[in-house]
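What follows is each chain in one-letter form.
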Amino acid sequence: MKANYKSINLIGILCLMLALGCPGESHAKLVGKKYSLQLQDTAFKNPYIDIDEVRTSPSKHRYIHGGFDNGTKFSLYLPTKAKDFTGRFFQYVTPFPDSETVAQNANGSYNMIGFSVENGAGFLETNGGGSTDFTTNTRPEATIGAYRSHAACAELSRAIMKDLYGCDRAYGYVFGGSGGAYRTLGCIENTTTWDGAVPFVLGSPSAIPNVFAVRMHALRILWDKLPQIVDALEPGGSGDPYAGLNQEEYEALKEATAMGFPMKSWYGYKEMDVHGFLVLYKSIVQMDPQYFHHDFWNEHGYLGANPTPSLLKARIQQPTTIAEIYTQDQAETLGLVAPMDPADKGSADRAWDAAGNAGTGQPVAFRLADQIGDIGMGGDLVLNNGDNAGTALQLRASRDNYVVLAPTNGLDILAKIRVGDAVTVDNSDFLAVQTYFRHQVPDPQYYVWDYERDNQGNPKYPQRPMLLGPIFTMGASGCLPAGNINGKVILLCSLYDREAFPWQGDWYRKRIKETQGNQADNMFRLWYTDRALHGDGEGQLGDCTHAVSYNGVLQQALLDISDWVERGIAPAETTNYTIVDGGQVEVPTTADERRGIQPVVNATINGEKMITVAPGQEFEIAAVAEVPQGMGKVVRAEWSHDGATYTATTDLATEGRYSNNGNRVEFSRKYSFDTPGTYFVALRVTSQRNGKDQLYTPIANIDRVRVVVK
């Protein structure tokens, strides 16, 4: 029987009694204890616990590790004192089946173990039934990896929490981002295990591989013009990103915008790579070889059959031989690859990069006998002799006469490669995939593809025999998300998301309205976070004077959905937004009109976004920051003028002028620059629901002004 909020006091009393009965923090070890679970899913048998210990970092907690005899494993982190347990747990779902210990790699405010325990909740993570190996395409069966393993571990954890704390049934809330958002929806749509869910940076069933292709195509064509496009969109810019583009460039930007790439996110073009497409590319080629090896380069209606000069220039097909082989350490020394960051493992943005051969001692890069051109964002190294002749190894980059391998190539093949082997560098398939989205027009609910239809509603280009997006989505979530949720959901999407374009949050909201009818607002919220990206972990934001973390929004959403379920306290309303120009999501400029929970900040100089001053001339930047009513208070204001770090703060307690209810604050700062040039001053404000500047649940936003010194 599901617990209700009225029983919480009784649970608290019982927990206190248990605590008093166990002096200090001593507890019976659970290692070896047998749990008899009545699971309907017979794939999960013989549960076990093999670790039960107290740990002190990031916050003091009880760590319990175990699993089932089918390879499914879990880590459960709990408050050490029964009186601190609030009767709930938060469960993280990784983008693909991974380790059950990924949360241990995060630090500071990103550490969800500390966040959970300090808020009196348990934290649960699993290996999704067994880790994914992209070199052999080995992974758990789709439904096990998507939701069944998570459900089994959740029920076992409930039994453990009942054993330790006496609570009849702990409330459970599942959350995950990117591929983990698909899997989170798989959990909440296919089971009744959880009371609520917080998916974040969600795609749609037509996202893969299309969103990556849209971006890669635009990047290839627009690369040299992106500096002026970015400048046009900056404060004080012309506001016309299309000015100065030739016809091919104009059409590429227009198409990417209509398909939903967030226009203002082009500022980070230098840091953009292929992202999760890294581990999808080989599967796409295998699923539609006719497209890559014939149709694209030969059939009418495909770009390769009537190539533009830029496409011909980008294509490389160069025979050569392998001159030297490098492992991870050697490639790092040469600056060909970056060191692996443990914090990337299991994260929404860089989980893909943490997979592969980096720690195996196998090759990750080669020096070739000949100089080759720039392959762009990817390509193939075709083996021309030996037992594996004709096999294509996936490449992720090239430089001079070096090539870097993707983390998807089979170890058995890599082990046989020798110096002197004949190879061909060929990026033909990687170029072909960049317009694959034109040949994948889905049904009209995916409205951004209207750009790829003619006036009669028919596709402009030849269509492939199958849509790949739903196939990839089924593999991730075990279902096609349809809005059939079995609990409350707060969906978090990022307005600068370059991988899961923001319009897809609106797409899922429409599915909720279709399935839930007049109960939709009692079950669902969609919050857009301005200036947030797809990735969010330490080191993943790139230019922090443009982008903010959404981690505080995620943490607050977990607390808010708990209150919604357990206490009936409705969370903030869905963000007020409109869809324009095909797939662009726009939000109002004021906090109360925008809604959601994020602060809004506006910085100006004499009422303008740009000023021209003489060297040494002082000027003042005025700022207004506000939080939607009832969503807290702005507690921090930071300033940057170097495009990299925040070096100054405004003490809002003494210099800020707050409104009576505290949700709005005005303040200012004086600046001067001695050296001629163009400067962008960024102002980042942070709010907290309780009005206190603290480690967890910080919610930020940014505004910028341009200063020309001459």
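Just above sits the structure.
Just so we're clear, the structure is a prediction, and the values are computed from it rather than from any experiment.

A.B. asks: Can you help me understand the overall build of the chain in this one?
C.D. replies: In terms of regular secondary structure, the chain is built from 19 helices and 26 strands. A compact globule built from 710 residues should have a C-alpha radius of gyration of about 27 Å, and the chain, at 26 Å, falls within 12% of that. In terms of overall dimensions, the chain has C-alpha extents of about 75 × 70 × 55 Å along its principal axes. Buried residues in the chain amount to 59% of all 710 residues. Long-range contacts, defined as pairs at least 24 residues apart, comprise 73% of the intrachain contacts of the chain with a sequence gap of at least 6. Carbon and sulfur atoms form 48% of the exposed surface of the chain, whose accessible area is close to 27,800 Å². Placing the 63 positive and 80 negative side-chain charges of the chain at their respective mean positions leaves the two points 5 Å apart.

A.B. asks: When you look at the environment of L156 in this model, what are you seeing that I'm missing?
C.D. replies: Along the chain, L156 falls in helix 3 (residues 142-165). In sequence terms L156 and F261 are 105 residues apart; their C-alpha atoms lie 42 Å from each other. In contact with L156, not counting residues within four places along its chain, are Y35, L37, P47, G67, F68 and F74.

A.B. asks: What exactly am I supposed to notice about the nonpolar core here?
C.D. replies: Generally speaking, nonpolar side chains in soluble globular proteins are found buried as a group. Membership of the largest hydrophobic core comes to 115 residues, with the highest contact counts inside it found for I64, I160, W266, F277, W503 and Y508. Considering every element that reaches this core, the biggest residue donor is helix 3, with 13 residues. Once you skip the residues sitting within four places of it in the chain, Y508 turns out to touch L185, E189, L202, P481, A482, G483, I485, L491 and F524.

A.B. asks: It is not clear to me how the sheet that holds strand 19 (residues 610-613) should be interpreted in this structure. Could you clarify?
C.D. replies: Across a sheet, strands are paired by hydrogen bonds formed along the backbone, either parallel or antiparallel in direction. Read from one edge of the open sheet, five strands run 19-26-25-21-22, paired in mixed fashion. The strands lining the two open edges of the sheet, one partner per strand, are strand 19 and strand 22 (648-649). Relative to strand 26 (residues 699-709), strand 19 runs parallel, the two sharing four bridges. Following the sheet pairing, I611 is matched in strand 26 by V707.

A.B. asks: Would you mind showing me how to read the packing of helix 5 (residues 210-222) against helix 7 (residues 247-258) here?
C.D. replies: Two quantities define a packed helix pair, namely the angle between the axes and the distance from one axis to the other. The contact between helix 5 and helix 7 brings their axes to 9 Å, and the two run at 155°. With respect to helix 7, the element helix 5 is oriented roughly antiparallel. Pair helix 5 / helix 7 crosses with left-handed handedness. Here V214, H217, A218, I221 and L222 of helix 5 come into contact with helix 7, specifically with E248, E249, A252, L253, E255 and A256. Considered class by class, the residues forming the contact of helix 5 with helix 7 number seven nonpolar, one polar and three charged.

A.B. asks: How should the pattern of salt bridges be read in this particular structure?
C.D. replies: Oppositely charged side chains can form a pair if their charged atoms are brought close together. What the rule picks out here adds up to 32 salt bridges. D195 is the partner of R158 in a salt bridge, and the nearest nitrogen-oxygen pair spans 3.6 Å. Separated by 37 residues along the polypeptide, R158 in helix 3 and D195 in the loop between helix 4 (179-190) and strand 7 (196-200) bring together distant segments of the chain. Assigned by exposure class, R158 and D195 land together as buried. Each of E155, R158, R169 and D195 takes part in salt bridges that share partners, so that together they form one network.

A.B. asks: Looking at this structure, how should I read the packing of aromatic side chains?
C.D. replies: When we look at a pair of aromatic rings, we describe it by the centre distance and by the angle of the planes. Taken as a whole and judged by the stated rule, the model has 37 aromatic pairs. When the ring of Y63 is compared with that of Y77, the centres are 5.1 Å apart and the planes differ by 35°; the resulting orientation is tilted. Remark: Y77 occurs in strand 3 (residues 73-78) and Y63 occurs in strand 2 (residues 61-67); sequence separation between them is 14 residues. Each member of the pair, Y63 together with Y77, is buried. When the ring of Y291 is compared with that of F292, the centres are 4.9 Å apart and the planes differ by 85°; the resulting orientation is edge-to-face. The burial state of Y291 is the same as that of F292; both residues are buried. A cation over an aromatic ring shows up here: R315 above the ring of W297, its NZ or CZ 3.7 Å from the ring centre. Note that K488 overlies the ring of W564, its terminal NZ or CZ placed 4.6 Å from the centroid.

A.B. asks: Looking at this structure, how should I read the environment of R594?
C.D. replies: Looking at where R594 falls in the secondary structure, it is placed in helix 18 (residues 591-594). Along the primary structure R594 and P628 are separated by 34 residues, whereas in three dimensions their C-alpha atoms are 7.8 Å apart. Contact partners of R594, with chain neighbours within four places excluded, come to D530, T575, N576, V587, P588, T589, V600 and N701.

A.B. asks: Is there a simple way to explain the state of the cysteines in this structure?
C.D. replies: Covalently bonding the sulfur atom of one cysteine to the sulfur atom of another cysteine gives a disulfide. Taken as a whole and assessed by the stated rule, the structure comprises zero disulfides. In this structure C153 is not part of a disulfide, and its nearest cysteine sulfur, from C187, lies 11 Å away. Residue classification places C153 among the buried positions, given a relative accessible area of 0%. With relative accessibility at 0%, the residue C187 sits in the buried group.

A.B. asks: What's the story with helix 9 (residues 289-298) in this structure? I'm lost.
C.D. replies: Because an α-helix packs 3.6 residues into every turn, residues spaced three or four apart end up facing the same way. Three or more residues of helix 9 are buried, namely Y291, F292, D295, F296 and W297. Residues of helix 9 that are buried in the fold lie against helix 8 (281-287), helix 10 (309-314) and helix 13 (428-432).

A.B. asks: When you look at unusual backbone geometry in this model, what are you seeing that I'm missing?
C.D. replies: Among all residues except glycine, the phi angle is most often negative; among peptide bonds, the trans geometry is most common. Along the chain, S57 connects to P58 via a cis peptide bond; the corresponding omega equals 5°. Turning to its location among the elements, P58 is positioned in the loop between strand 1 (48-55) and strand 2. In this structure, the amide linkage connecting I208 to the following residue, P209, adopts the cis form with an omega of 0°. Within the secondary structure layout, P209 lies in the loop between strand 7 and helix 5. In the Ramachandran plot, S178 falls in the positive-phi region, its phi being about 60° despite a non-glycine side chain. Along the chain, S178 turns up in the loop between strand 6 (171-177) and helix 4. Positive phi, close to 55°, is recorded for H275, a residue that is not glycine. Along the chain, the position of H275 falls in the loop between helix 7 and helix 8. On the basis of relative accessible area, H275 is assigned to the buried category, the value being 4%.

So, how was this worked out
Residues numbered from 1 in each chain as written. Predicted model: local features only at pLDDT ≥ 70, side-chain atom pairs only at ≥ 80, totals over all residues. Heavy atoms only, no water. Helix = DSSP H or I, 4+ residues; strand = E, 2+ residues; numbered from the N terminus. Rg over C-alpha atoms; globule rule 2.2 N^0.38 Å. Buried < 20%, exposed > 50% of the residue type's maximum accessible area, 1.4 Å probe, protein only. Contact = heavy atoms within 4.5 Å. Areas by Shrake-Rupley, 256 points an atom, 1.4 Å probe, with all protein chains shown as cover. Lys, Arg positive; Asp, Glu negative; His and termini not counted. Charge placed at Lys NZ, Arg CZ, Asp CG, Glu CD. Core = buried A, V, L, I, M, F, W, Y, C linked by side-chain atoms within 4.5 Å. Pairing = 2+ DSSP bridges. Axes fitted to C-alpha atoms, helices over the stretch in contact; angles between N-to-C directions. Parallel < 35°, antiparallel > 145°, perpendicular 65-115°, else oblique. Left-handed = near helix turned anticlockwise from the far one by under 90°. Nonpolar A, V, L, I, M, F, W, Y, C, P; charged D, E, K, R; others polar. Salt bridge = Lys/Arg side-chain N within 4 Å of Asp/Glu carboxyl O. Phe/Tyr/Trp six-rings, centres within 6.5 Å; stacked < 30°, edge-to-face > 60°. Lys NZ or Arg CZ within 6 Å of the ring centre and 35° of its normal. Disulfide = S-S within 2.5 Å.

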